[in-house]
Amino acid sequence: MADKTLRLGIPKGSLQDSTIQLFAHAGFNIYTSSRSYFPTIDDPDIECTLIRAQEMARYVADEALDAGLTGQDWIAEHQAATGDRVVDIADLVYSKQSFRKVKWVLAAPEDSKYRTPQDFAGATIATELVRVTEAYFQRLGVPVKVEFSWGATEVKPPLLADGIVEATETGSTLRANRLRIIDTVIESNPQLIANSTTLEDEWKRTKLDNIALLLRAAMEAQGRVGMMLNVREADLEAVVGLLPALQRPTVSPLSPLSPLGPDAEAWMAVSTILEESSVRELIPKLKAARAEGIVEYPLNKIVL
């Protein structure tokens, strides 16, 4: 009998909370405990394991896990080290602080002689992303010594290293340590990955495809809200012109409570999806354009 359980790796560490939150929006509630590396999930077909993002590609490739979530950076690092490949199922742009990509950047002290990657010839670079960094300098033809850093990498220049390759979302930590960004080595965001054996199993492939669909839908809904309102037909064009819709707003006639007389006004119902950040300025404009019954509501998923 075929195995009807999907072994799924959840990244432990900086991506853990944002990943669990994304799954919650997708309809999967994951519950963790500080004493266990095996979270529970409200889907009996899924078994979760907390694994460091740096090791996820290895365990998926070795088939200890059927699938998992980790960054493109660690997928590239694993592939450079072993040659083993995993299969990308879904590209998910989120990070521990925002819904944008993380950059691994080459940086050096602001008052140092280093201004370009070529200036690092013969220098020592500290990083967690050793093999990707080595490949970066090899492509440029710049000989360097790349050392593995166990953490707190930004404090190592200039005494312990000449430069670093470090992950950043905003660059604020680098600036706080008086480091100047010189170049981007790799951009990264989480991927839902699997191994080829998992994808040969029709049940597991379908399960993964469904999870990917729901995760993408949850991401599409981030930062967006739904809005409904009523408007007189005579004012419809002006109101619709104010709406920055995902596509086009849905407009339908309201059913009258009593038969329309010759002088009765026709009313229309309008619904749309828009960026939450625009709502506070939009609602007063809609009210001024004679819209009524304006309702804003949250969204969990948008399936495109």
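Below: a short report on this structure.

### So, the overall build of the protein
Working step 1: The helix and strand tally for the protein stands at nine helices and 16 strands.
Working step 2: Whereas a compact globule of 304 residues would reach a radius of gyration of roughly 19 Å, the protein reaches 25 Å, over 25% beyond that.
Working step 3: Taken along the three principal axes of its C-alpha coordinates, the protein extends 85 × 60 × 35 Å.
Working step 4: Looking at the protein as a whole, 43% of its 304 residues are labelled buried.
Working step 5: Long-range pairs, those at least 24 residues apart, make up 70% of the contacts in the protein with a sequence separation of at least 6.
Working step 6: Averaged over its 32 positive side-chain charges, the protein has a centre that lies 4 Å from the centre of its 42 negative ones.

### Regarding the layout of surface pockets
In this approach the atoms are scanned with a rolling probe the size of a water molecule, which exposes any empty space left behind.
Working step 1: Computed from the structure, the second largest pocket encloses a volume of approximately 350 Å³.
Working step 2: Lining the second largest pocket are 16 residues, with Gln54, Trp74, Glu77, Glu128 and Phe148 positioned closest to its centre.
Working step 3: At the level of elements, α2 (53-61), α3 (72-82) and α4 (130-140) are the ones that each hand at least two residues to the lining of the second largest pocket.
Working step 4: Sort the elements by how many residues they give to the lining of the second largest pocket and α3 lands first, with five residues.
Working step 5: Classifying every residue of the lining of the second largest pocket by side-chain character gives five nonpolar, five polar and six charged.

### Here we look at the sheet that holds strand β9 (residues 145-148)
Working step 1: Strand order in the open sheet formed by five strands is β9-β8-β10-β7-β11, and the pairing between neighbours is mixed. Where the open sheet ends on each side, the last strands, each with one partner, are β9 and β11 (179-188). Within the sheet, the average angular offset between the axes of one strand and its neighbour, ignoring direction, is 25°.
Working step 2: Taken together, the eight bridges between strand β7 (residues 102-109) and β11 define a ladder with antiparallel strand orientation.

### Description of the packing of aromatic side chains
Working step 1: If you walk through the whole model with that rule in mind, you get six aromatic pairs.
Working step 2: Ring geometry for phenylalanine 148 and tryptophan 150: centres 4.9 Å apart, planes at 90°, overall edge-to-face.
Working step 3: Under the relative-accessibility criterion, tryptophan 150 is labelled exposed at 78%.
Working step 4: The rings of Tyr114, Phe120, Tyr136 and Phe137 are connected pair by pair, giving a single aromatic cluster.

### Quick word on the nonpolar core
Working step 1: Counting 29 residues, the largest nonpolar core has Leu8, Ile10, Phe23, Leu69, Leu92, Leu192 and Ile211 as its most contacted members.
Working step 2: Contributions of two or more residues to this core are made by β1 (6-12), α1 (16-26), β4 (46-52), β5 (67-71), β6 (87-91), β12 (190-194) and α7 (202-221).
Working step 3: Among the elements that take part in this core, α7 stands out by supplying six residues, more than any other.
Working step 4: Apart from residues no more than four positions distant in its own chain, leucine 92 is found in contact with Leu69, Asn189, Pro190, Gln191, Leu192, Leu215, Arg216 and Met219.
Working step 5: Ranked by size, the runner-up nonpolar core spans 18 residues in total, among them Ala108, Val132, Val165 and Ile186.

Reading the values: rules and limits
- Residues numbered from 1 in each chain as written.
- Predicted model: local features only at pLDDT ≥ 70, side-chain atom pairs only at ≥ 80, totals over all residues.
- Heavy atoms only, no water.
- Helix = DSSP H or I, 4+ residues; strand = E, 2+ residues; numbered from the N terminus.
- Rg over C-alpha atoms; globule rule 2.2 N^0.38 Å.
- Buried < 20%, exposed > 50% of the residue type's maximum accessible area, 1.4 Å probe, protein only.
- Contact = heavy atoms within 4.5 Å.
- Lys, Arg positive; Asp, Glu negative; His and termini not counted.
- Charge placed at Lys NZ, Arg CZ, Asp CG, Glu CD.
- 1 Å grid on protein atoms, 1.4 Å probe; cavity = no way out; pocket = protein on both sides within 12 Å on 5 of 7 lines; lining within 4 Å.
- Points joined across faces, edges and corners; volume = space filled by probe spheres on them.
- Nonpolar A, V, L, I, M, F, W, Y, C, P; charged D, E, K, R; others polar.
- Pairing = 2+ DSSP bridges.
- Axes fitted to C-alpha atoms, helices over the stretch in contact; angles between N-to-C directions.
- Phe/Tyr/Trp six-rings, centres within 6.5 Å; stacked < 30°, edge-to-face > 60°.
- Core = buried A, V, L, I, M, F, W, Y, C linked by side-chain atoms within 4.5 Å.

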